[in-house]
4 protein chains.
Amino acid sequence: MTLDVGVLGYRFMGNAHANAMARLPMFFPDAPAVNRSVLVGRDESALEEAADRFGFDSVATDWADVVDEVDVFYNLGPNHVHAEPSIAALEAGTPVFCEKPLAPTLETAEEMADAAANAGEDVPAGCAFNYRFVPAIQYAKRLLEAGDLGEIRHVRGRYLQDWLVDPEAPWSWRNDAELAGSGALGDLGAHTVDLLRFLVGDDDLAGEIDRVSGHLRTFVDDRPVPGEDDTRPVTVDDAYSAQVEFENGAMGSLEASRFATGHKNDHTIEIHGSEGSLRFSLERLNELELIRDGNRGYETILVTDADDPYIDHWWPPGHVLGWEHTFVHENYEFLSAVAEGTEFEPSFADGLAAQRVLAAIEESDERGEWITLE
Amino acid sequence: MTLDVGVLGYRFMGNAHANAMARLPMFFPDAPAVNRSVLVGRDESALEEAADRFGFDSVATDWADVVDEVDVFYNLGPNHVHAEPSIAALEAGTPVFCEKPLAPTLETAEEMADAAANAGEDVPAGCAFNYRFVPAIQYAKRLLEAGDLGEIRHVRGRYLQDWLVDPEAPWSWRNDAELAGSGALGDLGAHTVDLLRFLVGDDDLAGEIDRVSGHLRTFVDDRPVPGEDDTRPVTVDDAYSAQVEFENGAMGSLEASRFATGHKNDHTIEIHGSEGSLRFSLERLNELELIRDGNRGYETILVTDADDPYIDHWWPPGHVLGWEHTFVHENYEFLSAVAEGTEFEPSFADGLAAQRVLAAIEESDERGEWITLE
Amino acid sequence: MTLDVGVLGYRFMGNAHANAMARLPMFFPDAPAVNRSVLVGRDESALEEAADRFGFDSVATDWADVVDEVDVFYNLGPNHVHAEPSIAALEAGTPVFCEKPLAPTLETAEEMADAAANAGEDVPAGCAFNYRFVPAIQYAKRLLEAGDLGEIRHVRGRYLQDWLVDPEAPWSWRNDAELAGSGALGDLGAHTVDLLRFLVGDDDLAGEIDRVSGHLRTFVDDRPVPGEDDTRPVTVDDAYSAQVEFENGAMGSLEASRFATGHKNDHTIEIHGSEGSLRFSLERLNELELIRDGNRGYETILVTDADDPYIDHWWPPGHVLGWEHTFVHENYEFLSAVAEGTEFEPSFADGLAAQRVLAAIEESDERGEWITLE
Amino acid sequence: MTLDVGVLGYRFMGNAHANAMARLPMFFPDAPAVNRSVLVGRDESALEEAADRFGFDSVATDWADVVDEVDVFYNLGPNHVHAEPSIAALEAGTPVFCEKPLAPTLETAEEMADAAANAGEDVPAGCAFNYRFVPAIQYAKRLLEAGDLGEIRHVRGRYLQDWLVDPEAPWSWRNDAELAGSGALGDLGAHTVDLLRFLVGDDDLAGEIDRVSGHLRTFVDDRPVPGEDDTRPVTVDDAYSAQVEFENGAMGSLEASRFATGHKNDHTIEIHGSEGSLRFSLERLNELELIRDGNRGYETILVTDADDPYIDHWWPPGHVLGWEHTFVHENYEFLSAVAEGTEFEPSFADGLAAQRVLAAIEESDERGEWITLE
């Protein structure tokens, strides 16, 4: 059986997922066969060009024609078009893979999660938190599950970029509250919250995030519109920070910024437990820094050995992987779940859980006080 | 003229300051001559032994006999004995150098600052925030003052240690609210707040800290008392975190812990400005990591060149300094101010300013909301 | 026009090149179209399986049937089968891309280079030194060519692996002088010599390597044969080191080992010039450490910006690439040269030049004295 | 009993040793009492100033008046004045501590070692290789002695500085073969050879250095003389490299340069054994990077714990030491040996052993072939 895949979105994320699908047969021969069937978008000529380059059979400008025709639907558009097509697909019984954050508002995210729940367990609805699929992160997860770090005391996650540090950097939909929901909080913070939930969210580790205190800030209020003689207001945060408390008492600090001069894509996770500590940065994604057992300091581990997660599919030890490989792993897992009709994680429920935390951070910022999650 | 110095406290800090005074003549020949005159403490035999080792002429068990006899009074005792002797000394017109944090409570710190103000400008009252005197920090200060980092956007400070991670680590006065005031917050956070005030507190940089949201936590509630068959309650925080907002809009994240497995004395500062970024860790105190000008990434600078702050007093480039050298620099500056009857910074007013921030963090934690500093 | 490609070798290198060809259309749309036509090997069933997985139309067990049928011939077999098929292909006017080192002996390498010269400039004969195509290396090359490092004084190159540190690690053709020519010297040292020639070999930089003093060593003399109850002798070096002198007076140190415990694929280059220095390690291949201009220390540059070499074909800044991307770049350049009938570098002449250095190192080791290259 | 110490040399090394002696009572209370008795030099006014600052009772311009009057004689002058006063002192039965390298020529070094042997075991003659006394190095030695790294395969040592990279940097005695013996080789290489002998020289580790192949080079032939309108020739090496073979088969690479742009005092040691690896750099002298046991990568250890070598004399964990502390440890050990009339290592015999290696490297460079040490 070959899965016909329909994909909405043909820019950065469209490219990343199309590439991932294209690479499965050579490196994950047990993945289900995939046919890149139809690419969905609005600008027809750009769409045609992308379909050709990404290896799609056809194009469509109306997702409504697609969602019940294909075996799987990928929703890779901007945040404000996540909900309607995804819900329609799920209602048609079509598995959905949706980019993060799930939706621009908590309410919409809830509707999406409901639609996923109604579709049933054999219709996977995945939220594309690809950083769960970094081998070093999966390796860290193994260690945490095995109890190697002991009781979790401190958790830090920050995601630093600098592409808005120039006040003349152009306005885009990512600066608009209507279209994007939020700024650094939703775009970057969603990744951080999901990654921490994945790593320490288990009951016998830190558990879920219980309370949050948030802080949002916009440094530049208006930005020039490309090709226009005008500026448009920035209605989302340029940066956020948050303090969080986990169910089992661990303390957390979160932060993201698009104003961190010199940091390009620096998603850093740090965890201290009673028995060990670990650190990870996306800019050195093949490495995990680890303290455990009798270690006196951080051990810099190149997570590229044959028995490391996913590595047997690739190259010999020390032949490092890149950012895009996370999409291959993620697509492998999601498409396998589709083929087998089993659940996939991170699910829409995970997407919603992350969104609840982000919404609480935003609410906390508005009210100037801690917010307890229900 | 030789300054007769009286020192209260003969343990860790007594040793560090006595060593600093002893080293001045060889490396800072223009420092005022100092006579280590009298060492003050309660346990006479330990005191005698220390006085002998640290090179003091005599000992005393009552500070009241000392504070108006000496030319300078160093108060290096536990926090709860900072106020009374320091105030007495200042009332007697004796310059005072007091360890940090200034006092266990904000009220007491205010009394001490008042006493310093009343003593007049020619009676220096210094608060021993030694990390201002790390050459790499002074070099960072130069760059910040010159505007090399542009507008300050993000400030991070964290101080990580791990000496309490073992629940069987013994109880000490540092775990007691009466004696210590607070835990990681006062002991470590005081350093962080002062260092950030020093680096970015100027009006044309971030300015003072305006609002805070704090979080304190005690992970282990009781600890064994050394030599006893009993435990005593831990009544201070094991760790704190805080979000802060500076006058000019920069965002800050602060944190300290005694439970950060594998970190021994990791006081880290990170600053992002519109034109550059910098990072510093006390565990590599000879280094400053810097982005400026056309830099694309952090430049790791060994701050040991002849024209770096204080370095001409020491060794050739690359012959690194240690932690204790900060005390030599600090003592040099303070004793020079005493000899010249001029002001010294960090002063009691700086000590109080830091304490206001710490108190606001504590209050914020209790009330679960942001606190604006007056 | 679509190029029909024949590939000899279907293991590690076969996989790496097949993958590279498969990825060109999506990321390098101006690359010539390529048809993975025929895969050549001896073990038919393994070959069929590989052809299926790597996307080849057909298989062949005799390269002689292939070399004049295809538009391009890739020779990715073990070193001892590099010469005959490559020469046959070139004699048939078929462009050849051959893995490194060019041949197990200097004589054979010379024959191959002669064949390439005879084939003419419009029949590219490339030697697959893929590390020239790391973006950070290409960026370093730009800086060196621009004179940013000044006069070259010191050059270091070392390639450290550890897969033979266990004396029970199995015997393979790589341990046999007949089949492999040499050990760490040819396998790893060839990369190092080529990379240094590429980076500093220009006349106005260090120039070519002039004299060498070499040292080879085998630490474990016999190794178990997999599936047999026997051992076979190791007749190649486990490690080599060399001192070299460049034409313009720079000093060099080379080294490679398969016994460097904990190093997986650590190919490190270091260069000191009168105006700057640089460092690179393959284990962090997205980074270049650089001193230039007014820098006081190494700047850690993430070479993933849009204007960095090859990066505009891939992802946004900070979305790091992996080891395999070097093959995509290399195949893009080589296949473009084939389509246009232009020269490609590194050529067989470059392969031979590297081999001359390796042979001189070996001869120097045998004779215990410096060898001057002609 | 108090030891009267006479010191020849009052510049950099005079300062470093005077400081070390001054610090012993406070931190090493069981060290013998020391009286800085007489400082020896030629320029009387500079000498008086130095004696005052370094805490000496008196000065002398003729060492011959001093060597048999004092209890210990420190020879800290330039290399060409090491021999005569040291031999005279030893003949008078006075223990000698001499800076490295022992002498400008091998012959002179042999005479000095003979004098030390004739003086007898209760008259310690030490060669001041201070880097043996870095806590991280002593800790590494412990691990090596315990066999934690297994059989030693590779040893690397390099010492990089950049103070001559500017061709206008002034001429000094260090550039003159008569006065200094050699350049980077003797000044820096002596440290490296001694440190490697200390770390892996034991019979059950790598053993002594057996054979060497050396390379010396002078990049700038003449340098301006300060205060003169003239230049003087540089008659020593600006840099050297060497390959070495140890008795038990380990391979070594050595190197030093005064032309390594951006490196200030970067003395780096790297060792690979069958069971582990380690790395050390003097620019981060509180750290040891270590692979052992089940480690997968280098563990960065801050060697400042209470049970680390010498640390119990200083500060709590994480309160880092500096370069000068190595002199305190070295003086403690040497003066204790003097007081007890026991042997001290590194001895003149160790100084001679290092010098034999350096001389062989120089000879190898001249003859263009490997030299076997006898």
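Definitions and limits used
Residues numbered from 1 in each chain as written. Chains lettered and ligands numbered in written order. Predicted model: local features only at pLDDT ≥ 70, side-chain atom pairs only at ≥ 80, totals over all residues. Heavy atoms only, no water. Helix = DSSP H or I, 4+ residues; strand = E, 2+ residues; numbered from the N terminus. Rg over C-alpha atoms; globule rule 2.2 N^0.38 Å. Buried < 20%, exposed > 50% of the residue type's maximum accessible area, 1.4 Å probe, protein only. Patch = residues over 30% accessible without salt bridge, like charges linked within 9 Å, V, L, I, M, F, W, Y side chains within 5 Å. Areas by Shrake-Rupley, 256 points an atom, 1.4 Å probe, with all protein chains shown as cover. Salt bridge = Lys/Arg side-chain N within 4 Å of Asp/Glu carboxyl O. Lys, Arg positive; Asp, Glu negative; His and termini not counted. Charge placed at Lys NZ, Arg CZ, Asp CG, Glu CD. Least-squares fit on C-alpha atoms with pLDDT ≥ 70 in both. Contact = heavy atoms within 4.5 Å. UniProt positions renumbered as here; feature names shortened; annotations may be inferred. Buried area = accessible area lost by both parts, 1.4 Å probe. Polar contact = N/O pair within 3.5 Å; in protein donor to acceptor, adjacent residues only side chain to side chain. Nonpolar A, V, L, I, M, F, W, Y, C, P; charged D, E, K, R; others polar.

Within an unreviewed UniProt entry, the label attached to chain A reads Myo-inositol 2-dehydrogenase, and the organism entered is Natrarchaeobaculum sulfurireducens.

1. Topic: the overall build of chain A
Helix and strand counts for chain A stand at 9 helices and 17 strands. Here the C-alpha radius of gyration of chain A, 20 Å, is about what a compact globule of 374 residues would show, namely 21 Å. Considering only C-alpha atoms, chain A reaches an extent of 55 × 50 × 40 Å along its principal axes. Per-residue burial for chain A yields a buried fraction of 67% across its 374 residues.

2. Describing a negative patch on the surface
Residue and element names in this part refer to chain A. Judged by side-chain charge, Asp43, Glu44, Glu48, Glu49 and Asp52 come together as a negatively charged surface patch. Along the chain, aspartate 43 turns up in the loop between strand E2 (33–40) and helix H2 (44–54). Given a relative accessible area of 39%, aspartate 43 falls into the partly exposed group.

3. Focus on the relation of the copies chain B and chain C
Screw-axis analysis of chain B against chain C gives a translation of 0.0 Å along the axis, an RMSD of 0.0 Å, and a rotation angle of 180°. In short, the pair behaves as if placed about a two-fold rotation axis. Relative to the rotation axis, the C-alpha of Glu299(B) is the closest in chain B, positioned 1.9 Å from it. Interface residue correspondence from chain B to chain C reaches 100%, placing this contact among same-surface, isologous pairings.

4. Details of the UniProt feature "domain: Gfo/Idh/MocA-like oxidoreductase N-terminal" (unreviewed entry) in chain A
The feature "domain: Gfo/Idh/MocA-like oxidoreductase N-terminal" (unreviewed entry), as given by UniProt, occupies residues 4–121 of chain A in the numbering adopted here. In this annotation, residues 4–121 of chain A is assigned 42% helix and 19% strand; the end-to-end C-alpha distance for the span is 20 Å.

5. A look at the interface of chain B and chain A
Listed as interface residues are 44 residues of chain B and, on the opposing side, 44 residues of chain A. In total, chain B and chain A occlude about 3,500 Å² of area from one another, counting both sides; carbon and sulfur atoms represent 47% of this. On the chain B side of the contact with chain A, His215(B), Gln243(B) and Met251(B) bury the most area, a combined 18% of that side's loss. At the boundary of chain B and chain A, one finds 4 salt bridges. When the shortest N-O distance is used, the salt bridge between Arg156(B) and Glu255(A) registers 2.9 Å. Our enumeration of links across chain B and chain A arrives at 27 residue pairs in polar contact (both at pLDDT 80 or more). At the level of secondary structure, the elements contributing two or more residues to the side of chain B that touches chain A comprise strand E7 (152–160), strand E8 (209–217), strand E11 (239–246), strand E12 (251–257), strand E13 (266–273) and strand E14 (277–281) of chain B. Considering every element that reaches the side of chain B that touches chain A, the biggest residue donor is E11(B), with 7 residues. Taken together, the residues of the side of chain B that touches chain A sort by class into 14 nonpolar, 18 polar and 12 charged.

6. Concerning the pattern of salt bridges
For the coordinates displayed, the defined rule picks out 100 salt bridges over all chains. Taking the shortest distance from any N to any O, the salt bridge between Asp308(C) and Arg296(B) comes out at 2.6 Å. Here Arg296(B) lies in the loop between strand E15 (287–291) and strand E16 (299–302) and Asp308(C) lies in the loop between strand E16 (299–302) and helix H8 (325–340), a pairing that spans two chains. For the salt bridge of Asp202(D) with Lys141(D), the shortest nitrogen-to-oxygen distance reads 3.6 Å. With Asp202(D) in the loop between helix H7 (184–200) and strand E8 (209–217) and Lys141(D) in helix H5 (residues 135–145), this residue pair connects regions lying 61 residues apart in the sequence. Here the salt bridges do not stand alone but share partners, grouping Arg132(A), Asp194(A), Arg197(A), Glu208(A) and Asp350(A) into one network.

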